[in-house]
Structures are given as structure tokens and as C-alpha cells.
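Examining the three-dimensional arrangement
The lines below spell out each chain.
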Amino acid sequence: MKIMIKIMQFVALVLLCAGHVSAQERVELTLPEAITRARVRSVNAAVALDRLKQAYWSHRSYRASLLPEVTLEATVPAYRKQYSVYQYENGEYGFVRNHYMDITGTLSLTQSIWATGGTVSLNTSLDYLRQLSGNRYNRFMSIPVALTLNQPIFSVNNVKWNRRIEPVRYAEAKARFISDSEEVAMTAINYFFNLLSSRETVEIERQNLENAVKLHEVARAKREMGQISGNDLLQMELNELNARSALTEAESDMKSHMFRLRSFLDYGEDVEIIPAIPSDVPLVDIAYSDALDKALTNNQFALSLRRRQLEADYEVAKARGDMRRIDLFAQIGYTGASGEVGDAYRRLKDNQVVEIGVKIPILDWGKRRGKVKTAESNRDVTASNLRLEAQNFNQDLFILVERFNNQRRQLEISLRADEIARKRYETNVETYLIGKLSTLDLNDSQVKKDESRQAYFQALYQYWYYFYQLRSLTLWDYTTASPLTSDFEDVIRQ
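Residues numbered from 1 in each chain as written. Predicted model: local features only at pLDDT ≥ 70, side-chain atom pairs only at ≥ 80, totals over all residues. Heavy atoms only, no water.

Brief notes about the pairing of strand β2 (residues 69–87)
Across 17 bridges, the pairing between β2 and strand β3 (residues 93–112) is antiparallel. Within β3, the position partnered with T75 by the bridge is T104. The hairpin formed by β2 and β3 contains five residues between the paired strands, and G91 there has a positive phi angle of roughly 95°. (Pairing = 2+ DSSP bridges. Helix = DSSP H or I, 4+ residues; strand = E, 2+ residues; numbered from the N terminus.)

Structural notes on a nonpolar patch on the surface
There is a patch of nonpolar side chains on the surface, built from V70, L72, L107, L109, L122, V145, L147, I332, Y334 and L348 and spanning about 900 Å² of accessible area. Every element with two or more residues in the nonpolar patch is listed here: β2, β3, β5 (138–153) and β7 (325–338). Here L348 is to be found in the loop between β7 and β8 (349–359). Judged by its relative accessible area of 35%, L348 falls in the partly exposed class. (Patch = residues over 30% accessible without salt bridge, like charges linked within 9 Å, V, L, I, M, F, W, Y side chains within 5 Å. Areas by Shrake-Rupley, 256 points an atom, 1.4 Å probe, with all protein chains shown as cover. Salt bridge = Lys/Arg side-chain N within 4 Å of Asp/Glu carboxyl O. Buried < 20%, exposed > 50% of the residue type's maximum accessible area, 1.4 Å probe, protein only.)

Focus on the packing of helix α4 (residues 158–224) against helix α7 (residues 300–321)
Packing of α4 against α7 leaves a shortest axis separation of 9 Å and a crossing angle of 155°. Relative to α7, the element α4 lies roughly antiparallel. Crossing handedness for the pair α4 and α7: left-handed. The residues of α7 that touch α4, namely those facing N158, W161, R164, I165, V168, R169, A171, E172, A175, R176 and S179, are Q300, L303, S304, R306, R307, L310, E311, D313, Y314 and A317. (Axes fitted to C-alpha atoms, helices over the stretch in contact; angles between N-to-C directions. Parallel < 35°, antiparallel > 145°, perpendicular 65-115°, else oblique. Left-handed = near helix turned anticlockwise from the far one by under 90°. Contact = heavy atoms within 4.5 Å.)

With respect to helix α8 (residues 367–433)
Helix length check: α8 (67 residues) gives 91 Å between terminal C-alpha atoms against 99 Å at 1.5 Å per residue, within 8%. Where α8 bends most, the angle comes to about 30°, and this point is Q407. Looking one or two places after α8, you find G435, whose phi comes out positive at around 80°. (Expected span 1.5 Å × (residues − 1). Bend = angle between axes of the 7 residues up to and from the residue.)

Re the pattern of salt bridges
Going through the model one piece at a time under the given rule, you end up with 31 salt bridges. In this structure, R176 and D180 form a salt bridge, with 4.0 Å as the shortest nitrogen-oxygen distance. In this pair, R176 and D180 are both assigned in helix α4, four residues apart and thus about one turn of the helix distant. By relative accessible area, R176 is classed as partly exposed at 34%. With relative accessibility at 11%, the residue D180 sits in the buried group. Here the salt bridges do not stand alone but share partners, grouping E166, R169, E172, R307 and E311 into one network.

So, the packing of aromatic side chains
By the definition in use, this model includes 18 aromatic pairs. Centroid distance F192 to F193: 5.8 Å. Interplanar angle 75°. Geometry classified as edge-to-face. Residue class for F192 comes out buried when judged on its relative accessible area of 0%. A network of ring pairs unites the aromatic residues F404, Y463, W464, F467 and Y468 as a single cluster. Here the guanidinium or amino end of R37 rests over the ring plane of Y267, the centre of that ring lying 3.9 Å away. One residue, K294, lies across the ring of W476, its end atom 4.4 Å from the ring centre. (Phe/Tyr/Trp six-rings, centres within 6.5 Å; stacked < 30°, edge-to-face > 60°. Lys NZ or Arg CZ within 6 Å of the ring centre and 35° of its normal.)

A look at helix α3 (residues 43–65)
An ideal rise of 1.5 Å per residue puts 33 Å on 23 residues; α3 measures up with 33 Å between its terminal C-alpha atoms. The complete set of buried residues in α3 reads A45, A48, L49, L52, Y56, H59 and Y62.

A short note on the environment of A319
By secondary structure assignment, the location of A319 is in helix α7. For the pair A319 and L67, spaced 252 residues apart in the sequence, the C-alpha separation amounts to 27 Å.

All we've got here are geometric facts, nothing functional implied.
Here it is in C-alpha cells:
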């Protein structure tokens, strides 16, 4: 009976463990699959998309500002029942009670003048006034058509400068989106290889523990036969304890890296990711001159340099325009007034307004001139900073190209070193079992085996990371020899 109870308990435990294992989904994931999912599902990708949408709608607003704008302004109605100040013929003031209703409406078509920075508009309006007390009456005033010009003279032409800056700003935003997408891939590579390396470490530590247990048992038997010293036996026991501790720590690290990659790729907590070791790498040779040419053509950094220089020049132009200001306002058209709405559009009269406003400083103690000099100094500082940033960018790109080209050779060396270290350790284990190798030599070969395996994964990681880092800087796909592009309209509609 006791045996049957133990068998039933064992079966129940097995079923419980099986149910727990089946509840956790296992996903085998390759590196390209991880990168593809990260570009779509990661929070970093969502941030990059939101930044692109912001730039897109800002550019749309700028483009719309260049087109004719139709506006309707109306007051429907304005009601007044109050006292107003009134001056009599003898110069005295008094209060007169007003009780009326006023309705106004103006329809305008306005267009910016790109060449001069002014605006021209075509207007039509109708005003209606109804007296509600005393001698009640209606009045209509119409302006069937009026042409209005607003033109600043000597001031900066904002339209011209915006037409130069805004297209560069939007091109910079699009290039930044593609670079951000490549940086998402770089983050995915980092998390992917962290998990891959930690899983490999767990497998190494498990194998090391199995070997340590086996060697400890052999050492115990040899000690009983007097073939080894007590110190060697204690060393084998210590190796087994260290192996158990290393395995526990490796499993904890693997769980941490699993959580990071799972969260980044938007997997559920019940998913266990099994990363696959990349079987091949993109084998390309990159010349620094070619990479620099592509980076200066495509990268957001080059566009940022151009935009910031234009903005600095714009600030100088604004400061110079504020030295003196003359504004011209002119309006020509026709107007009519009558007690009937139809008569307000007959017997029209000329309606002409011309205003020229002048604002020229007579004595400002050099304030405006100081603003011009400050803007010019800021422009010079910006130009110097841009040259320094360009120099650092070129230097960093050169170092990156050299590291990438050298990394393929390093990858081949690390792969061969891993194979040699693994075979050496297997041979040393067999040699130790027949008593022809010391414990220290065996431990040394195990350490070299583990280090070589981790060095190989690190070299593989660096190769992929450098490759996508170059893609991010040059916005060029070296595997297909084509630029990295995107259908931004489709992306924004997502």
C-alpha cells in the first residue's frame, strides 16, 4: 500500500510539472525575426513613429501656409443696450443711451507673397445695423470687393527663409526615422545576444557541473585506492561546489535577459524565447570613402548641419531687419450704404486706404546694433561647432569602418579558438581519468574552454552590431547595395 501511494504521488507530481511546462509557450527566434518584430512591436519603434508623425504634420502645416487661405469672420449678432459717451456741440460731454443690434460678416481670400514676404487678400463684407429703440431703422453697408496689401519693408522675409529651412527640417526628420529604426535593430541585437550568451553560459555550467560530479566520484575512488592525495580530493569537491554556484548564478542571469528581450519584443510573460545561433553573417567589405560619401548624403547628421547653419543665418537676417521697420498697408475697392440690402450694392463709391507705418530708432544706445552683433557671433560659434562635430563624425565613422572590416577576421579566429579549446578540454578530461594530468591543468583547460566560447559569442555580437551601426549612419543596405528607404505616407497612416 505504501508503495502504491508513493507511485500515485509521483505520477501526480509528474502531471503537475507537465501541466506547468505546457502552460509556458516556447518560441524559437532567429536574429532576423527578432529585428523584424522589434521594428514593429517595440516601444522604441513607437516613439520613432510618433516623432515622424509630429514632423510630418508640422511640414504639412508649413506647406498649407504657402497656399491661399479662405476665411470667414462674422459677428452674429452683437447686441448693445448701454450708455455711451457723447460730446455735444458746446464741447461738453454727456451720456447717450444706445440700443441696437449689429451683424457683420467678412469673407477673405489671402495669399502670401513668396518673393517679398507680404500678403495680398481679396475681401468682401456686409454690415447690418438695426436700431431697436426711439426712431427705429435699419442700415446696411457693403464692400462688394476690396484688394488689400500688407507689406513689411526692410524686414526679414519669413516666407523665403521658411522655404529654405522647412524642407531640410522634414528631410532630416525622415532620415532620423530610418536611423531610429536601425537603432531599434541594434537594441534588439544587444538583447538577443545577451540572452543567447546567457543561455550558452547555462549550458556550459551544466556541463561543467556534470563533469565536476563525475570527476569528484572518480577522485573519491582513487583516494580510496591511494592514487591521489587528500588535497586533490578536496579540490575536486570544491570544483563541484563552485560549479553548482556558477550554474545557479547563470540561470538567474538568463532569466533577467529573457525578461528584457521578452518585454522589448512585446511577448507575454508566459513565453520562453529560444534564440537561435546565427549560422552566417553578411560578408561585405566597406571602404571608408564610400561610407563617408553615403553618410554625408543620407544621414540626418549632414541635414542637421545644414539646417542649423540656415537657422543661424536666419537669426542674423531678423536682427538686421529689426534695425528699422516700415510697414505698408493699402486697400482699394468699392463700398455702398443704404437702408435696404439691395440698395447697399448699388451706387457704389470708391473705398481706398493707404497707410505707411514707420518705426526707425533715433537713439537706442546701440541696442539693435548689439542684437545684430550677437546674432553674428552666434552664427560664427555655430559654424565652429558644426565644423568640430563634422570632424568628430568623420573620425568616428572611420574607426567604425576599421573595426567592422577587422571584426570578420576576429570572428574567424574566435570560432577556431573555440573549437580548439573544446577539443583540448575533452582530451584533458580523458587524460585526467587515466591519471596522467594534474588537477590544475584540467581546471585551466576548462576555464580556457569557457572563455573561448564566450569570446566567440562576443565576436559574433560585435560583428552584427557594427554592421547595423554602419547601416544607421550611412542609411545604406550593404547586402542589397541599395539605400534604406521607407514609404513614409504608409508608415504615417499606421
